[in-house]
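# Results of the structural survey
Take a look at the letters that make up each chain.
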Amino acid sequence: MIKLAIIVGSTRPGRKAEAVARWVLEIAQKRSDAQFEFVDIQDFHLPLLDEAMPPAMGQYSQPHTKAWAAKIDAFDAFVFVTPEYNHGTSGALKNAIDYLFREWNNKAAGFVGYGSAGGTRAVEQLRLTMGELMVADVRAQVALSLFTDFENFSTFKPAPSHAKSVNTMLDQVIAWGSALQTLRKK
Ligand SMILES: Cc1cc2nc3c(=O)[nH]c(=O)nc-3n(C[C@H](O)[C@H](O)[C@H](O)COP(=O)(O)O)c2cc1C
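Below: a short report on this structure. What you are looking at is a predicted structure, and each value in this text was computed from that prediction instead of being measured.

### Side note on the site of the ligand
Ser10, Arg12, Tyr85, Tyr114 and Ser116 are the nearest of the 15 residues found near the ligand. A distance of 2.6 Å separates an oxygen atom of the ligand from a polar atom in the side chain of arginine 12. For the ligand, an oxygen atom lies 2.7 Å from a polar atom in the backbone of serine 116. In the complex, 75% of the free accessible area of the ligand, which totals 620 Å², lies under the protein chains.

What follows is the structure, given as structure tokens:
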């Protein structure tokens, strides 16, 4: 069974990302076709990238990089929970992604975005990054609206229909994450 990380993509005080990621985890944990884990980038206290060597060389010097690399290396697939900041993802999530290379390669990913337009522009930006990291990003994505899925633009109250979208996205991520395991074993 593959291991899938649900990655919290905001470190902002008062962030919505945590509630959204916990909701994704709750839906995921009703399934029995993968193991799911909540991964909070905030716990890794990553400064702005402070490694001298390019991540693709895999020569990590900082303890925070080694801890982050060990965590991501353990997974076969990812769900990125991303806010939209100025039509892109958060700087914190981009920075956390940029820290590593091999640990992301030949794995699968899906996205849960939120914002005034469902976080779709942030997800489009992440898809470009995934290509460079050799991550297979699935078609289905979850787009949550600040207008209709957050009461008073703050308390997360997702429309019930989004649970189905989460499961469709997970179906695709788990299928591709499982298939790519074979490639990584070679
Ligand atoms: C710096 C910044 C830029 C933002 N830009 C956008 C944007 O371009 N599009 C959008 O839909 N929401 C935008 N927002 C609103 C965020 O979607 C909203 O604040 C959301 O709660 C951020 O996620 P977080 O609470 O998990 O950090 C922006 C918020 C911040 C802080």
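### So, the pattern of salt bridges
Within this structure, the stated rule accounts for 14 salt bridges. Measuring nitrogen to oxygen at the nearest pair gives 3.1 Å for the salt bridge that ties aspartate 98 to lysine 94. Here the residue aspartate 98 and the residue lysine 94 both occupy positions in helix H3 (residues 91-98), the gap between them amounting to four residues, near one helical turn. When salt bridges that share partners are traced, they join Arg15, Glu18, Arg22 and Asp40 into one network.

### Description of helix H4 (residues 120-132)
Structurally, the α-helix is built with 3.6 residues per turn, so residues lying three or four positions apart point the same way. The end-to-end C-alpha distance of H4, which contains 13 residues, comes to 19 Å, matching closely the 18 Å that a straight helix rising 1.5 Å per residue would cover. Looking only at H4, the buried set comprises Ala122, Val123, Leu126, Arg127, Thr129 and Met130. When H4 is viewed along its axis, its buried side chains cluster within an angular range of 165 degrees and face the same direction. Structural note: H4 exposes Leu128, Gly131 and Glu132 on the side pointing more than 90 degrees away from its buried face. The inward-facing, buried residues of H4 contact strand E3 (77-83), H3, strand E4 (107-115) and strand E5 (135-145). Note on H4: the residue one or two positions beyond its end, methionine 134, has a positive phi of about 55 degrees.

### Things to note about the sheet that holds E3
Overall, parallel pairing links the five strands, which are arranged E2-E1-E3-E4-E5 in an open sheet. Each end of this open sheet is capped by a strand with a single partner; those strands are strand E2 (34-40) and E5. Mean inter-strand twist for the sheet, computed between neighbouring axes without regard to direction, equals 20 degrees. Bridge count between strand E1 (residues 2-8) and E3: five bridges; the pairing is parallel. Bridge pairing in E3 places isoleucine 6 opposite valine 79. Relative to E5, H4 is tilted by about 170 degrees, and along the sheet it contacts E3, E4 and E5.

### Looking at the packing of H3 against H4
In contact at an axis separation of 12 Å, H3 and H4 are set at 5 degrees when each is read in the N-to-C sense. With respect to each other, H3 and H4 are oriented roughly parallel. Here Leu93, Lys94 and Ile97 of H3 come into contact with H4, specifically with Leu126, Thr129 and Met130. By residue class, the composition of the contact of H3 with H4 is four nonpolar, one polar and one charged.

Conventions and cut-offs
- Residues numbered from 1 in each chain as written.
- Predicted model: local features only at pLDDT ≥ 70, side-chain atom pairs only at ≥ 80, totals over all residues.
- Heavy atoms only, no water.
- Near = heavy atom within 4 Å.
- Polar contact = N/O pair within 3.5 Å; in protein donor to acceptor, adjacent residues only side chain to side chain.
- Areas by Shrake-Rupley, 256 points an atom, 1.4 Å probe, with all protein chains shown as cover.
- Salt bridge = Lys/Arg side-chain N within 4 Å of Asp/Glu carboxyl O.
- Helix = DSSP H or I, 4+ residues; strand = E, 2+ residues; numbered from the N terminus.
- Expected span 1.5 Å × (residues − 1).
- Buried < 20%, exposed > 50% of the residue type's maximum accessible area, 1.4 Å probe, protein only.
- Arc of directions from axis to C-beta.
- Contact = heavy atoms within 4.5 Å.
- Pairing = 2+ DSSP bridges.
- Axes fitted to C-alpha atoms, helices over the stretch in contact; angles between N-to-C directions.
- Parallel < 35°, antiparallel > 145°, perpendicular 65-115°, else oblique.
- Nonpolar A, V, L, I, M, F, W, Y, C, P; charged D, E, K, R; others polar.

Everything listed is a geometric property; what it means functionally is a separate question.
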